[in-house]
Amino acid sequence: MRRMQSSSVRLRLWVIFAGMLACLQLVGGLPAQAADLSGKTVTAVEVAGQSQISDSTVMAVIKTVPGDKLEADRIKKDMQAIYDLGYFYDVTANFTEVPEGVKVLFKVVENPRLTGIVVKGATKVPEAKIKSMVTTKPGAILNSRTLSTNSRAIEEYYHEQGYILTKVSDVNMSPQGVLTLTINEGMLEGIKVSGNEKTKTKVITREMNLKTGEVFDSKKAKRAMQNVYNLGYFEDVDMKLNPGKEPNAVVMEAKVTEQKTGSFAVGGGYNGNDGFVGIFEVADNNFRGTGDKAKFHWEFGGVSKKNYEISYTKPWLDDKHTSLGITFYSMTNQITDYYNGGDERSTYDRKRVGIEMVVSRPAGEFIRNYVGLKVRRDEYVEYVSGPEDYANDPQYLQDNFGTTRSLMLSRVFDSRDNVYNPTKGKRYAITAEIAGFGGDFKFNKFTLEGRQYIKVGRTQVLATRLTAGYATGSMPESQQFTVGGTETLRGYEDEEYKGTKLFSASVEYRFPMMSKMDGVLFTDVGKAWSDGGYSLSGLKHSVGAGIRFNSPLGPIKLDYGKGDEGGRFHFSFGGQF
């Protein structure tokens, strides 16, 4: 053993990243006479120097006993065993030759009593929490083994909070018994982005809630990568930590693989009623690499097909992540209304013209608030088929066609790990639409929606969704809640049920089938209605299966649902809930 290099009572530990004790400055030696006396009979073994630690505690770890032959290696092991008790910072062995053999005396110097604890360098964990993890109480003899265990526990606690670089870099005990713990929490020295050719670097880095020069938080870093992936511009996002220039610092590298974000479509057709009809659409979800979303859709030709939709969304207006989206549209579409039994009520062409503007801003890591304004006018254009021609019912036209001016408010909590294909997390939304403001309709519409995703095994996911809605006032059918079809109640016609009250729920079991294709087993329940109270006794239900395919044109869904009215296939583009 080696003697301590300073004469004062001073204890230091250096703890490496893995939390293992690197060294203690302990020095001790085995007198040369141990070798000279080797082989002589040990007549007595004693311990001296301790005042707080009992003789029995020390003697219990000493293997040399009276009657043994003196062996230098065994004495060294005994000294190490005494030191490993953790109560002493110096251990020596003395030998006294007697006629019968040799006496062995182990001299020890106890660690100081703990009188106080000082924590340095801690910013992410309260000092009180760190002090509570030191199990040696004030007034007790410091135990270096216990202190090493406590240091590892402090590091592990930091790591659990996401601060994976944290080290207890120094543990110092003064002669007065004051223990000083120095924490090096680890620093994010820089952020590097690679692989982006179209997307501007700032579009990526602004999604990261990380700042250089701050303590590195792996949980925030993981969330930052999820935010970048959720932009929808990249096939893959990978994170790598590179050593920084400063000790215990890293440079985080985000490596991205870009995918196509723009689309262009030209099409056309001819029929006897409308003649030639053409379609032109161009869109980009990452316009010029700025992260802005732009879309222009135009349908031309025919009798009533003079449709257009123009939308532009700027997701970052300022450094507070305020977003603004504006949409202008004039669309004439064929609409089919149904009786409760699913029979056609009326098919007609409806024109809707309007403008919508939505502003949003985050209110927390997972929370975002939205405020929207909508001005929309619905017009009855032309009867197509069905037993009812609404043009012959002036009261129906007055109640359901006209101008809607409304204010929309919503608050969304979203902790999903992937907005396109979530495997865990939750999404809750509460929405209110207040209509009036000089329009033809005055109503209040409220919606609550909750989604939850649970990972089952390694690759399967259980997804659940519950939606409830309630509305009051003079509301046109075009603004009412709808249930039926691929988004709510599979196995039924699209928007088969309408009303001022809504309840729907879906449960899906999702599992991979092959590359870029997943399978789904589902059950849906729900209905929209206006008459009566909020009774759930008349809900419709269905069960079925489907596939999800990630095609070059975007996600494709194909479902088959079987409900009370039989089975039905549903085909659509777009992601799943």
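Note that this is a predicted model, so its numbers are computed, not measured.

## Some thoughts on the overall build of the protein chain
Looking only at helices and strands, the protein chain has eight helices and 29 strands in total. Since a compact globule built from 577 residues should have a radius of gyration of about 25 Å, the 37 Å found for the protein chain marks it as more spread out than a globular shape. On the principal axes, the C-alpha backbone points of the protein chain span a range of 130 × 50 × 45 Å. Summing over all exposed atoms, the protein chain offers an accessible surface of approximately 29300 Å²; the carbon and sulfur share of this is 54%.

## As for the nonpolar core
Of all hydrophobic cores here, the largest spans 22 residues; its most connected members are Val 58, Leu 70, Ile 75, Ile 82, Phe 88, Phe 95 and Phe 106. Contributing elements (two or more residues each) for this core: β3 (42-48), α3 (72-84), β4 (88-98) and β5 (101-110). In contact with Ile 82, not counting residues within four places along its chain, are Val 58, Val 61, Ile 62, Phe 88, Val 91, Phe 106 and Val 108. Among the nonpolar cores identified, the runner-up in size contains 20 residues, and Phe 216, Phe 234, Val 237 and Met 252 belong to it.

## Brief notes about the sheet that holds β4
Taken in spatial order, the three strands line up as β3-β5-β4 in an open sheet, and their pairing is mixed. Because the sheet does not close on itself, it has two edges, and the strands there are β3 and β4. Within this sheet the neighbouring strands show an average axis-to-axis angle of 15 degrees, counted without direction. Across six bridges, the pairing between β3 and β5 is parallel.

## Comments concerning the layout of surface pockets
By volume, the second largest pocket amounts to about 480 Å³. Residue lining of the second largest pocket: 22 residues in total, with Tyr 229, Asp 417, Asn 418, Asn 421 and Thr 423 positioned closest to the centre. Where the lining of the second largest pocket is concerned, the elements lending two or more residues are α7 (218-229), β10 (234-243) and β25 (501-514). For the lining of the second largest pocket, the element with the highest residue contribution is α7, accounting for four residues. The residue makeup of the lining of the second largest pocket, split by class, is six nonpolar, six polar and 10 charged.

## Here's the deal with the pattern of salt bridges
The full count for this structure, using the stated rule, is 24 salt bridges. Here Asp 559 ties to Arg 490 by a salt bridge, and the two come within 3.3 Å at their closest N and O atoms. A residue pair is termed long-range when its members are at least 10 positions apart, and Asp 559 in strand β28 (residues 554-563) and Arg 490 in the loop between β23 (481-483) and β24 (497-499) qualify at 69 residues. Since its relative accessible area comes to 1%, Asp 559 is described here as buried. Judged by its relative accessible area of 3%, Arg 490 is buried. Note that Asp 559 is salt-bridged to Arg 548, the shortest N-O span being 2.7 Å.

## Quick look at the packing of aromatic side chains
Applying the stated criterion across every chain yields a total of 21 aromatic pairs. With a centroid separation of 6.2 Å and an interplanar angle of 85 degrees, the aromatic rings of Phe 287 and Tyr 312 are classed as edge-to-face. In this pair, Phe 287 is assigned in strand β13 (residues 275-287) and Tyr 312 in strand β15 (residues 307-314), connecting sequence segments 25 residues apart. Both rings, one in Trp 298 and one in Phe 300, keep their centres 4.6 Å apart while their planes meet at 40 degrees; by these two values the pair is tilted. What makes Phe 300 partly exposed here is its relative accessible area of 28%. Through successive ring pairs, a cluster of aromatic residues spans Tyr 348, Tyr 380, Tyr 390, Tyr 396 and Phe 401.

## Re the pairing of β25
Two faces, one strand: in a regular strand the side chains alternate between the faces of the sheet. With 10 bridges connecting them, strand β22 (residues 460-474) and β25 associate as antiparallel partners. Along β25, the bridge assignment pairs Gly 469 with Leu 502. As judged from the 13 bridges shared by β25 and strand β26 (residues 517-529), these two strands associate in the antiparallel manner. Opposite Tyr 509, over in β26, you have Leu 521 as the bridge partner.

## Looking at a positive patch on the surface
Side chains of Lys 222, Lys 424, Lys 455 and Arg 458 sit close together on the surface and give a patch of like positive charge. Residue classification places Lys 455 among the partly exposed residues on the basis of a relative accessible area of 46%.

## Some thoughts on unusual backbone geometry
At Arg 288, a position not held by glycine, the phi torsion is positive, near 55 degrees. You can see Arg 288 is positioned in the loop between β13 and β14 (292-301). For Lys 516, which is not glycine, the phi torsion reads 65 degrees and is therefore positive. Relative to the helices and strands, Lys 516 is located in the loop between β25 and β26. Its relative accessible area of 57% is what places Lys 516 among the exposed residues.

## Quick look at the sheet that holds strand β9 (residues 187-194)
In spatial order, the strands read β9-β11-β10; together these three strands make up an open sheet with mixed pairing. Taken across any chain shown, the strands that pair with only one partner, and hence form the sheet edges, are β9 and β10. On average, each strand axis in the sheet is inclined to that of its neighbour by 20 degrees, with strand direction left out of account. On top of the sheet, α7 reaches β10 and β11 (249-258); it is set at about 155 degrees to β10, its chief contact.

## Comments concerning a nonpolar patch on the surface
A cluster of nonpolar residues, Trp 298, Tyr 308, Ile 310, Phe 328, Ile 355 and Val 375, forms a patch on the protein surface that exposes about 490 Å² of accessible area. By secondary structure assignment, the location of Ile 355 is in strand β17 (residues 344-362). The class of Ile 355 is partly exposed, set by a relative accessible area of 34%.

## Observations regarding the confidence of the model for the protein chain
With 92% of its residues at a pLDDT of 70 or more, the protein chain shows a mean pLDDT of 89. No element of the protein chain has a lower mean pLDDT than strand β2 (residues 21-24), which averages 31, and none a higher one than strand β19 (residues 403-414), which averages 98. Between residues 1-29, whose pLDDT stays under 50, and residues either more than four places distant or in other chains, the model counts 89 contacts.

## Some thoughts on the environment of Gln 460
Topologically, Gln 460 is positioned in strand β22. As a C-alpha pair, Gln 460 and Tyr 509 span 49 residues in sequence and 7.2 Å in three-dimensional space. Among residues more than four places away in sequence, those in contact with Gln 460 are Ile 454, Lys 455, Tyr 509, Arg 510 and Phe 511. Within the local environment of Gln 460, its side chain forms a polar contact with the side chain of Thr 459, the two groups lying 3.2 Å apart.

## Examining the environment of Leu 105
Along the chain, the position of Leu 105 falls in strand β5. Put simply, Leu 105 and Gly 244 are 139 residues apart on the chain and 52 Å apart in space, counted from C-alpha to C-alpha.

Each value, and the rule that gives it
Each chain has its residues counted from 1, following the order in which its sequence is written. Totals for whole chains, interfaces and linings use every residue, but because this is a predicted model, local features are given only for residues with pLDDT of at least 70 and side-chain atom pairs only at 80 or more, for both listing and counting. In computing side-chain properties, one takes all heavy atoms of the structure into account and sets aside hydrogens as well as water. Helix and strand assignments come from DSSP, with helices taken as H or I runs of at least 4 residues and strands as E runs of at least 2, each series counted from the N terminus. In this description the radius of gyration comes from C-alpha coordinates, and the expected globular size is given by 2.2 Å times residues to the power 0.38. To be clear on the numbers: accessible area is Shrake-Rupley with a 1.4 Å probe, and residue cover counts the displayed protein chains and nothing else. In this text, buried Ala, Val, Leu, Ile, Met, Phe, Trp, Tyr and Cys residues form a nonpolar core when linked through side-chain atoms within 4.5 Å. The buried label goes to any residue with under 20% of its type's maximum accessible area, the exposed label to any with over 50%, and the partly exposed label to all in between, with areas taken from a 1.4 Å probe on protein chains only. Note on contacts: a residue pair is in contact if any heavy atoms of the two residues lie within 4.5 Å. Note: two strands are recorded as paired if DSSP finds a minimum of 2 bridges between them. Angles run from 0 to 180 degrees between N-to-C directions of axes, and those axes are lines fitted to C-alpha atoms, restricted for helices to the stretch in contact. Lining residues are defined by having an atom within 4 Å of a point belonging to a cavity or pocket. Those points lie on a 1 Å grid over the protein atoms alone, cavities being sets where a 1.4 Å probe fits but cannot get out and pockets being open sets with protein on both sides within 12 Å along at least five of seven lines. Grid points are joined across faces, edges and corners, and a volume is the space filled by probe spheres set on the points. Classification used: nonpolar for Ala, Val, Leu, Ile, Met, Phe, Trp, Tyr, Cys and Pro, charged for Asp, Glu, Lys and Arg, polar for all others including Gly. Criterion for a salt bridge: a side-chain nitrogen of Lys or Arg within 4 Å of a carboxyl oxygen of Asp or Glu. Side-chain rings of Phe, Tyr and Trp, where Trp is taken by its six-membered ring, are said to pair if the distance between their centres is within 6.5 Å; with planes under 30 degrees apart they count as stacked, over 60 as edge-to-face, and otherwise as tilted. Each patch is built from salt-bridge-free residues with over 30% relative accessible area, joining like charges within 9 Å and nonpolar side chains (Val, Leu, Ile, Met, Phe, Trp, Tyr) within 5 Å. Note that His is not counted, nor are the chain ends; the positive residues are Lys and Arg, and the negative ones are Asp and Glu. Charged groups are reduced to one reference atom each: NZ for lysine, CZ for arginine, CG for aspartic acid, CD for glutamic acid. The quantity called pLDDT is the predictor's confidence in a given residue, expressed from 0 to 100. Residues adjacent in sequence count toward polar contacts only when both atoms are side-chain atoms; beyond that, a polar contact is any pair of N or O atoms within 3.5 Å, and within protein one must be able to donate a hydrogen and the other to accept it.

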